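Listed here are the chains, written in short residue letters.
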Amino acid sequence: MSRISYRFASILLSVALLVVGNGLQQTLIGLRAGIDGYADETVGIITSAHFVGFVFASIYAPRVIQQVGHIRAFAAFASAASGIALCFAIFVSPPVWVVLSVLQGACCAGLIILMESWLNASAEPS
């Protein structure tokens, strides 16, 4: 494999791991909320808030990537996403979880957008 193939493979593997991890975490949050006895409507709001973050990130993440670059944006989004994931275990409260879900969704969508633009920037025009 050439150097370019390794670069594409690493980015695609990273996207796959991100999407799988994100799906597992969202499943876990919904299950944990149900185990904690939250109402079905509350669990729905918590899990739906994740996609509100996706919408915000689709608008604002490209600006962040353009302003600070791919590497710094990746570090910011990934660090924030991992810190937010830990906060779900620390703060067990539905309103806090809604805010954390929005932020987590924004970070995950920002990472997906970032990796897609990184892949496009790495590709040769041919």
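Summed over the entire model, instances satisfying the criterion amount to four aromatic pairs. With a centroid separation of 5.9 Å and 45° between ring planes, the pair formed by Phe-51 and Phe-54 is classed as tilted. Separated by three residues within a single helix, Phe-51 and Phe-54 lie in helix α2 (residues 40–68), roughly one turn from each other. Classification of Phe-51 as exposed rests on a relative accessible area of 52%. A relative accessible area of 25% means that Phe-54 is categorised as partly exposed. Relative to Trp-118, the ring of Phe-74 has its centre 6.3 Å away and its plane inclined at 70°; by these criteria the two rings are edge-to-face. Highlighted residues: Phe-74 in helix α3 (residues 70–90) and Trp-118 in helix α4 (residues 94–122), separated in sequence by 44 residues.

Moving on to the environment of Ser-117. Considering the arrangement of structural elements, one finds Ser-117 in helix α4. Judged by its relative accessible area of 24%, Ser-117 is partly exposed. Considered as a pair, Ser-117 and Ile-65 are 52 residues apart in the sequence and their alpha carbons are 9.0 Å apart. Excluding residues that lie within four positions of it along the chain, Ser-117 makes contacts with Ile-65 and His-70.

Let us now look at the packing of α2 against α3. Here α2 crosses α3 at 130°, and the two axes come no closer than 7 Å. Relative to α3, the element α2 is oriented oblique. Contacts from Ala-61, Val-64, Ile-65 and Val-68 of α2 reach α3 at His-70, Arg-72, Ala-73 and Phe-77. Along the lines of polarity and charge, the residues of the contact of α2 with α3 split into six nonpolar, one polar and one charged.

Relative to the 42 Å expected for 29 residues at 1.5 Å per residue, α2 spans 40 Å between its end C-alpha atoms, a close match to the ideal helical length. Residues of α2 that are buried: Val-43, Ile-46, Ala-49, His-50, Gly-53, Ala-57, Ala-61 and Ile-65. Residue Gly-69 follows α2 closely and has a positive phi angle near 95°.

The rules behind each value
Residues numbered from 1 in each chain as written. Predicted model: local features only at pLDDT ≥ 70, side-chain atom pairs only at ≥ 80, totals over all residues. Heavy atoms only, no water. Phe/Tyr/Trp six-rings, centres within 6.5 Å; stacked < 30°, edge-to-face > 60°. Helix = DSSP H or I, 4+ residues; strand = E, 2+ residues; numbered from the N terminus. Buried < 20%, exposed > 50% of the residue type's maximum accessible area, 1.4 Å probe, protein only. Contact = heavy atoms within 4.5 Å. Axes fitted to C-alpha atoms, helices over the stretch in contact; angles between N-to-C directions. Parallel < 35°, antiparallel > 145°, perpendicular 65-115°, else oblique. Nonpolar A, V, L, I, M, F, W, Y, C, P; charged D, E, K, R; others polar. Expected span 1.5 Å × (residues − 1).

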